[in-house]
Amino acid sequence: MSSATLKKILNAYGMVFILIALFLALSVSIDGFFSARTVWSIIEQVSMFGIIAIGVTFAIITTGIDLSSGSMVAMTSVVAASIVTGGDAASSALLAFAISIALGALMGAVNGGLTAYGAIPPFIATLGMMIIARGGAQLYSSGRPIDASSEAFTWISDVDFFGLPGLVLVYILIVIGSHILLSRSTFGRHVYAVGGNLNAAKICGINTTKTLIWVYVFAGALSGLVGALLAARTYAGNPSYGLAWELDAIAAAVIGGVSLSGGIGTIPMCVIGALIIGTTNKGLNMLGVDPYWQQIIKGLIIVVAVLIDTLKRRKKAA
C-alpha cells in the first residue's frame, strides 16, 4: 500500500480508527467496559444529542451554527409534557409529539429567517433564540418539572424491537433518512452549494434564502422531536433539560469532520463524532473522573478537532 493511499484512508476514516482505539483503550482500563451492555448504553445516550447533532451538521455545512438546540429541547419537553399530563390516550401522545416537532420547526424558522432575510450572523440569531427558548421553558413551566407519566406517551422509551431500544431505533431511522436527504436529494446538493460558495450558488439559480430557512427548520424540528423523546424517556418535561447539549452536538459534528468553513461534512461521520463523545463520557464516568474535569476534557477535544480542521484547510490552500 502506497503512502498516498494510506494517507487517503486516514483522512477519510481516521475518526473511525480513533473511535475503535478509544473503545479498546477504555476496555483495557475499565473492568466490564467491553460488553454489549456498555455499547447499547453509549448508543442510547448518544441517541438524544446525536439527533440534534444531525440538525447542527446541516447548519454548519452552510457555514452556519445552531446554539439554540439545547434550549429548544427544554422548551418542547415541557410543552409535550403539559399536553399528556393527566391523560393516557394515544391521541394525546401523538399530539404531544406533533406539537413538539412543530414548535421546534417554528423556532428554527425564526432562526433561518433572521439569518437569511435579516442578514444576522447565525451565531447571534441562534444565541438569541437559545436565551429566549430557555426563558420560555422556565416561564411556561413556572421553573418546575411537568409530569409526563402517560403510558401511551412513554411507550417509545420503554419498548424494545428485537432487542433494539425504541430510542435507538428512532435515532437509526433519522440517521438513515438524513443521510439520504443530504447525499441523494436536490435539497442536500443545495445545502453543500450554499456552504461551498454562497455567491456561486446564487449565480447557479439556487434559492439560497429558502435553503437556509429550511436547514434551520429541519434542525429545529429535530430538536423538538428530542424534547418530546426526552420527556418520554424521563417521564417529565423539565426547563433545565438540554443544558450544553448544543455544545455536544457541535462537538460531534466537528469531530466527525464537518468543516466550520462550510461545504464539507457527512451524516455517517457526524454519528462517529457523536459516538466518540458518548464513549468518552461513558469512560470518564466509569473511571470516576470529576464532572468539572470532564467538561475541560471535552472542551479540549473540541479545540483539537477545530485545530485539525484548520490545518487541513491551510494545507489544501497552500
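Calculation notes
Residues numbered from 1 in each chain as written. Predicted model: local features only at pLDDT ≥ 70, side-chain atom pairs only at ≥ 80, totals over all residues. Heavy atoms only, no water. 1 Å grid on protein atoms, 1.4 Å probe; cavity = no way out; pocket = protein on both sides within 12 Å on 5 of 7 lines; lining within 4 Å. Points joined across faces, edges and corners; volume = space filled by probe spheres on them. Helix = DSSP H or I, 4+ residues; strand = E, 2+ residues; numbered from the N terminus. Nonpolar A, V, L, I, M, F, W, Y, C, P; charged D, E, K, R; others polar. Phe/Tyr/Trp six-rings, centres within 6.5 Å; stacked < 30°, edge-to-face > 60°. Buried < 20%, exposed > 50% of the residue type's maximum accessible area, 1.4 Å probe, protein only. UniProt positions renumbered as here; feature names shortened; annotations may be inferred. Bend = angle between axes of the 7 residues up to and from the residue. Polar contact = N/O pair within 3.5 Å; in protein donor to acceptor, adjacent residues only side chain to side chain. Contact = heavy atoms within 4.5 Å. Core = buried A, V, L, I, M, F, W, Y, C linked by side-chain atoms within 4.5 Å.

**Notes on the layout of surface pockets**
If you add up the space inside the second largest pocket, you get close to 420 Å³. Residue lining of the second largest pocket: 17 residues in total, with W245, D248, N281, Q295 and K298 positioned closest to the centre. Only helix 2 (36-61), helix 11 (245-255), helix 12 (267-286) and helix 13 (291-317) provide two or more residues apiece to the lining of the second largest pocket. When residues in the lining of the second largest pocket are grouped by element, the largest group, six residues, is from helix 13. By residue class, the composition of the lining of the second largest pocket is eight nonpolar, six polar and three charged.

**Some words on the packing of aromatic side chains**
Scanning the entire structure with this criterion turns up five aromatic pairs. Between F97 and F153, the ring centres sit 5.3 Å apart and the planes meet at 50 degrees, which makes this aromatic pair tilted. With F97 in helix 4 (residues 90-116) and F153 in helix 6 (residues 151-158), this residue pair connects regions lying 56 residues apart in the sequence. Summarising the burial analysis for this pair, F97 and F153 share the class buried. Joined through ring pairs, the aromatic side chains of F23, F33 and F34 make up one cluster.

**Quick notes on the UniProt feature "transmembrane region" (unreviewed entry) in the protein**
Taking the UniProt record as the reference, the feature "transmembrane region" (unreviewed entry) is found at residues 12-34, 46-65, 94-114, 120-140, 161-182, 213-235 and 247-280. Between the end C-alpha atoms of residues 120-140 the distance is 28 Å, and the span holds 90% helix and 0% strand. Secondary structure content for residues 161-182 is 77% helix and 14% strand, while the C-alpha to C-alpha distance between its ends is 27 Å.

**Here we look at helix 2**
The principal kink in helix 2, of about 45 degrees, is found at S47. Looking one or two places after helix 2, you find T63, whose phi comes out positive at around 70 degrees.

**Examining the side chain of S141**
Among the structural elements, S141 can be located in helix 5 (residues 122-141). Separated by 2.7 Å, the side chain of S141 and the backbone oxygen of A137 make a polar contact. Not counting residues within four places of it along the chain, the set of residues in contact with S141 comprises V78, I146 and P239.

**Looking at the nonpolar core**
F49, I51, I54, F153, Y171, L229 and W245 are the most contacted members of the largest nonpolar core, which has 79 residues in total. The biggest single contributor to this core is helix 2, with 13 residues. In this structure, A116, L212, I213 and V217 belong to the second largest nonpolar core, which totals seven residues.

**Concerning the environment of Y216**
In this fold, Y216 is placed in helix 10 (residues 208-234). Using a relative accessible area of 1% as the deciding quantity, one classes Y216 as buried. For the pair formed by Y216 and F58, sequence separation is 158 residues and the distance between their alpha carbons is 8.2 Å. Engagement of the side chain of Y216 in a polar contact is seen with the backbone oxygen of I65, the distance being 3.3 Å.

**Re the side chain of Q294**
Note that Q294 resides in helix 13. Reaching out from Q294, the side chain makes a polar contact with the side chain of N285 at a distance of 2.9 Å. In this structure Q294 touches N281, L284, N285 and V289, once residues within four positions along its chain are discounted.

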